[in-house]
Amino acid sequence: MGRKILLVTTDQQRYDTLGCNGGQLSSTPNIDALAAGGIRFERAHPQSVVCMPSRSTILTGQHPSTHGVWMNGVPLPVDAPSVADVLHGSGYRTALVGKAHFEPFLDPFFRFVENSMATTDGSVPPGGLHRGFEHLEMATHGAIGPLHYARWMMAEHPEALGGFYPALDGSLQVNAAGGGDTGAPQVKVNPIERGIYHTDWVADRTIGWLDTLGADEDWFCWMSFPDPHHPWDPPESEVGRVDWREVPLPAGYPEARAEREAILDAKPRHWRLWYDGTLVSNYEAPAEWVPATLTPDQVREVNARNAVECELIDEALGRVLARIAERGWADDLDVVFTTDHGELQGDFGLLFKGPYHVDALMRLPLIWRPAPSSTTPPSVVSRPVGLVDLAPTFCAIAGIAPPRWMEGEALPVDDADATQRGFERVLTEWDSELFGVDVHLRTIMRDHWVCSTYLPGTSHDGTEGELYDLDDDPLQRVNRWDDPAVAALRGDLVADLWDHQPEKRTPELVLEAPV
Amino acid sequence: MVPVTATRGSVRHAVQLACPPDRVWALVGDPARIHEWFPGIESCTVEGDERTVVTRSGLPMPERLLTVDHVLRRFQYRMIAPMFKEHLGTLDVHELDDGTSLVVYSTDADPAPLALVIGGAARNALSRLPAKLGLEGTEHRTTAGDPGAGPVATRKGTH
């Protein structure tokens with residue numbers, strides 16, 4: 001009998017939303033306990049700051065340039081390599097419960113298994129495996145659509161469907177409508193009973209699958225919560241946990257408009273163009289929403305509701321861990337907790353996400369609590385790691401040599417291990433091309449610097465960049481790209497970036513849906 | 001370049017097929033045969049200039065046929081479900097100099113996201129045409145944007 005692996009992901013969660021990372025708004029005792037008994041990473045970055053490319057990196061252990069999912073709406077090929085497949089081939093039982101999103105959501109033709117499974121196949125995919133998972137029960141933000149959670153809600157709780165915020169509007173754009181007390185976008189009062197909200201459903205279905213397993217079986221379960229990604233419509237019964245009126249404005253939100261706009265003006269021009277509502281470069285933020293209209297109270301309310309969603313996730317995870325302990329697996333259980341990317345959540349006066357490679361979107365919560373039976377000492381790792389390192393970590397836990405197609409390395413257990421094994425840098429990439437607007441950037445985080453270089457696109461001529469000293473400027477307000485004092489450093493970082501940036505897959509995979 | 005964010009989306013996909021255009025047109029130019037070559041469409045009915053396709057998800061999609069030109073080998077139609085403010089689908093079969101065929105499927109739609117949804121499914125259908133016709137095909141792709149060309153990378157990985 002080997003070690004069991006529980007991969008817990010959330011969607012669009014910031015580093016600073018966890019108590020163990022200094023977060024003050026939400027109470028996350030179960031996750032904090034995992035951090036206290038395991039390894040907490042202070043500088044974990046995604047390889048893309050949007051869902052499909054980032055989740056594909058988690059599954060494949062490859063950078064987006066290699067697996068080819070270069071933006072949301074580009075499906076990961078069904079025959080793409082998968083760590084779940086590797087584990088299943090080594091005798092692990094495998095399941096994914098919650099949000100998958102390796103395939104586009106908007107799919108009236110049911111071209112993709114993720115969308116057709118709940119209707120045609122139940123929870124066992126056609127052929128018995130999909131991307132290495134033998135069991136899939138899927139959910140996303142809300143209760144409309146073909147996924148398992150939505151179908152269950154439509155069948156069992158149709159009266160609750162209208163409580164959710166409609167994530168898309170009538171034009172199939174990300175909805176800009178405001179709600180709550182402040183009119184913040186993607187906020188809505190949701191009277192749904194807590195026990196049937198998707199966070200608890202994901203935990204319930206995870207427990208349901210684990211209960212089907214034999215005591216001596218090894219397993220890999222990816223439990224994937226759709227929250228705290230917008231819409232921010234948690235069960236109204238829970239919203240009182242955090243009174244938005246008492247929520248301080250985040251450090252990353254410059255309250256003075258002139259200061260905010262001066263900071264944006266020092267960044268590549270698409271920042272300010274989006275803020276002013278002049279340019280919408282990507283699908284992931286509401287096209288009809290103008291960030292310049294965001295008010296301090298809206299920032300407070302969004303942060304409060306986000307914190308409530310984080311608390312519900314923590315409690316749901318606690319229930320799953322308790323059941324695992326009841327099954328007698330606790331001593332052999334590895335837990336990895338992370339997310340696919342972050343959320344601007346008020347930083348620079350912005351919400352949501354896009355081609356903005358700053359800590360709000362790139363610095364992720366990542367905790368690896370190795371199985372107690374491994375006697376791995378608790379630690380904090382400050383060296384850079386990436387989600388690309390998760391797949392080889394799962395292989396290492398299972399005692400399997402990582403396949404050659406994996407580009408990451410098993411996560412270090414402490415900084416000495418990280419130094420010895422060369423964890424020096426982490427890369428993040430962005431490509432988008434949407435109805436005549438394209439943006440392309442590549443980013444390296446090394447030492448205490450974040451350096452992004454822009455390629456030619458709609459708003460950029462290829463000379464632009466961003467360079468931030470995280471030691472002196474943790475909020476990334478001072479763009480030093482054009483500072484002569486750090487010109488040599490900039491050149492070194494850019495050269496290092498391109499020296500390690502994987503070659504782009506050819507032919508390029510095709511964008512087949514907006515998301 | 002002046003940035004453009006329109007509510008209308010335009011998507012274009014194409015495939016080159018190693019066969020004469022009339023052979024391709026016999027299949028794709030017949031509005032009543034779309035379910036034979038377009039994955040995800042389970043059935044279709046044609047009455048006059050009205051066609052209704054039913055997708056695999058069970059969604060009926062009413063359409064109006066605009067052009068069926070057997071000389072030009074051009075087929076055009078509009079999807080007229082309420083979710084579309086506007087739609088125009090255009091399928092052209094061109095004869096190339098070497099006697100092969102180029103099939104081009106253009107999708108214009110308002111709301112713009114629907115152009116990607118329909119266009120993505122059309123691209124998938126085109127990619128399967130060579131097998132459907134028993135041919136070897138080379139797929140081509142063109143869209144409104146520049147996919148971007150960065151410096152060529154030389155190494156993989158970060159560590």
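Here goes a summary of the coordinates provided.

Quick notes on the rules
Throughout this description, residue numbers start from 1 for each chain and increase along the sequence as written. Each chain is given a letter, starting from A, and each ligand a number, starting from 1, according to the order in which they appear as written. Owing to the predicted nature of the model, reporting of local features is limited to residues with pLDDT of at least 70; listing and counting of side-chain atom pairs is limited to 80 or more, with chain, interface and lining totals taken over all residues. Only runs of H or I of at least four residues qualify as helices and only runs of E of at least two qualify as strands under DSSP, and these elements are numbered from the N terminus. Each radius of gyration reported is based on C-alpha atoms, and the globular scaling rule is 2.2 Å times the count of residues to the power 0.38. Residues with at least 20 neighbouring C-beta atoms inside 10 Å of their own are called buried, those with 12 or fewer are called exposed, and the rest are partly exposed, where every C-beta is derived from the backbone. By the convention adopted here, residues are in contact when the distance between their C-beta atoms, placed from the backbone, does not exceed 7 Å. The span expected for a helix works out to 1.5 Å for each residue beyond the first. Each axis is a line fitted through C-alpha atoms, taken for helices only over the stretch in contact, and angles between the N-to-C directions span 0 to 180 degrees. One bridge is not enough; two strands pair if DSSP finds at least two bridges between them. Our angle categories are set so that under 35 degrees counts as roughly parallel, over 145 as roughly antiparallel, 65 to 115 as roughly perpendicular, and the remainder as oblique. Each helix crossing is assigned a hand: it is left-handed if the near helix lies turned anticlockwise from the far helix by less than a right angle, otherwise right-handed if that turn is clockwise. By convention the nonpolar core is taken to be a set of buried residues drawn from Ala, Val, Leu, Ile, Met, Phe, Trp, Tyr and Cys and joined through C-beta atoms within 7 Å.

**A word on the overall build of chain A**
- For chain A, the helix and strand inventory stands at 15 helices and 15 strands.
- Relative to its length of 515 residues, chain A is compact, with a C-alpha radius of gyration of 21 Å against a globular reference of 24 Å.
- With respect to the principal axes defined by its C-alpha atoms, chain A has extents near 60 × 55 × 45 Å.
- Across the 515 residues that make up chain A, the buried fraction comes to 62%.

**As for the overall build of chain B**
- Secondary structure summary: chain B contains 3 helices and 8 strands in total.
- When the helices and strands of chain B are listed from N to C terminus, the series reads β-α-α-β-β-β-β-β-β-α-β.
- Of the contacts formed within chain B by residues at least 6 apart in sequence, a portion of 51% connects residues at least 24 apart.

**Describing helix 7 (residues 198-210) of chain A**
Residue and element names in this part refer to chain A.
- In this model helix 7 runs 18 Å from its N-terminal to its C-terminal C-alpha over 13 residues, within 8% of the 18 Å that 1.5 Å per residue would give.
- Regarding helix 7, the residues found buried are His198, Thr199, Trp201, Val202, Ala203, Arg205, Thr206, Trp209 and Leu210.
- Along its buried surface, helix 7 packs onto strand 3 (93-98), strand 4 (135-138), helix 6 (148-156), strand 7 (219-228) and helix 11 (296-326).

**Concerning the packing of helix 1 (residues 29-37) of chain A against helix 11 of chain A**
- It is the contact of helix 1 of chain A with helix 11 of chain A, at a shortest axis distance of 7 Å, that shows an interaxial angle of 65 degrees. Contacts between helix 1 of chain A and helix 11 of chain A involve Pro29(A), Asn30(A) and Ile31(A) on the former and, on the latter, Asp314(A), Leu317(A), Gly318(A) and Leu321(A).

**Some remarks on the pairing of strand 7 of chain A**
Residues and elements named next belong to chain A.
- The element strand 7 is extensively covered by neighbouring structure, given that 10 of its 10 residues are classed as buried.
- Sheet analysis places strand 1 (residues 4-11) next to strand 7, joined by 6 bridges and oriented parallel. Pairing of Thr9 across the sheet is with Ser224, part of strand 7.
- Where strand 3 lies against strand 7, 6 bridges are found, and the strand directions are parallel. Paired with Arg93 across the two strands is Trp219, which belongs to strand 7.

**Some remarks on the packing of helix 7 of chain A against helix 11 of chain A**
Residue and element names in this part refer to chain A.
- With their axes 9 Å apart at the nearest point, helix 7 and helix 11 run at an angle of 15 degrees to one another. As judged from the angle between their axes, helix 7 and helix 11 are roughly parallel. At the point where helix 7 passes helix 11, the crossing takes the right-handed sense. Here Thr199, Asp200, Val202, Ala203, Thr206, Ile207 and Leu210 of helix 7 lie close against helix 11, whose contacting residues are Leu312, Ile313, Ala316, Arg319, Val320, Arg323 and Ile324.

**So, the environment of Asp417(A)**
Residues and elements named next belong to chain A.
- Checked against the element boundaries, Asp417 lands in helix 14 (residues 415-420).
- Under the C-beta neighbour-count criterion, Asp417 is labelled partly exposed, with 16 such atoms within 10 Å.
- Residues Asp417 and Arg383 lie 34 residues apart in sequence; the distance between their C-alpha atoms is 9.8 Å.

**A closer look at helix 2 (residues 51-60) of chain A**
All names here are of chain A.
- For helix 2, a buried count of 10 out of 10 residues is recorded, marking the element as mostly surrounded by other parts of the structure.
- Where helix 2 is concerned, the buried positions are Cys51, Met52, Pro53, Ser54, Arg55, Ser56, Thr57, Ile58, Leu59 and Thr60.
- Of the surrounding elements, those touching the buried residues of helix 2 are strand 1, helix 3 (64-67), helix 4 (83-89) and helix 13 (390-398).
- In the stretch just after helix 2, Gly61 is the one whose phi turns positive, near 70 degrees.

**Structural notes on the nonpolar core**
- Ranked by size, the top nonpolar core spans 181 residues in total, and within it Cys221(A), Met223(A), Phe394(A) and Val103(B) carry the most contacts.
- Here the element with the most residues in this core is helix 11 of chain A; it accounts for 13 residues.
- Among all residues touching Met223(A), those that are not within four sequence positions of it are Leu6(A), Leu7(A), Val8(A), Val97(A), Gly98(A), Val202(A), Thr206(A) and Val320(A).

**Focus on unusual backbone geometry**
- With omega at -10 degrees, the peptide bond leading from Thr506(A) into Pro507(A) counts as cis.
- Tracing the sequence through the fold places Pro507(A) in the segment after helix 15 (487-500).
- Along the chain, Asp110(B) connects to Pro111(B) via a cis peptide bond; the corresponding omega equals 10 degrees.
- The residue Pro111(B) is located in the loop between strand 7 (101-110) and helix 3 (112-132) in this model.
- In this model, Phe435(A) sits at a positive phi of 50 degrees, which is unusual for a non-glycine residue.

**Overview of the pairing of strand 1 of chain A**
- Taken across its 8 residues, strand 1 of chain A has 8 buried, putting it largely inside the fold.
- On strand 1 of chain A, burial covers both faces: Lys4(A), Leu6(A), Val8(A) and Thr10(A) on one face and Ile5(A), Leu7(A), Thr9(A) and Asp11(A) on the other are all buried.

**Some remarks on the sheet that holds strand 14 (residues 449-454) of chain A**
All names here are of chain A.
- Spatially, 12-13-14-15 is the arrangement adopted by the 4 strands of the open sheet, whose pairing is antiparallel. The open sheet terminates on both sides in strands that have one partner only, identified here as strand 12 (425-434) and strand 15 (465-469). Averaged over all pairs of adjacent strands, the angle between strand axes in this sheet comes to 10 degrees, irrespective of strand direction.
- Taken together, the 6 bridges between strand 13 (residues 437-446) and strand 14 define a ladder with antiparallel strand orientation.

**Some words on the environment of Leu135(B)**
All names here are of chain B.
- Along the chain, the position of Leu135 falls in the loop between helix 3 and strand 8 (137-143).
- Given 17 C-beta atoms within a 10 Å radius, Leu135 is considered partly exposed.
- Note: C-alpha distance between Leu135 and Asp22 (113 residues apart in sequence) is 14 Å.
- Not counting residues up to four positions away in its chain, the partners in contact with Leu135 are Leu17, Ala18, Cys19 and Pro130.

**A look at the environment of Asp483(A)**
- Structurally, Asp483(A) can be placed in the loop between strand 15 and helix 15.
- Each C-alpha atom, one on Asp483(A) and one on Leu467(A), is 9.1 Å from the other, the two residues being 16 residues apart in sequence.

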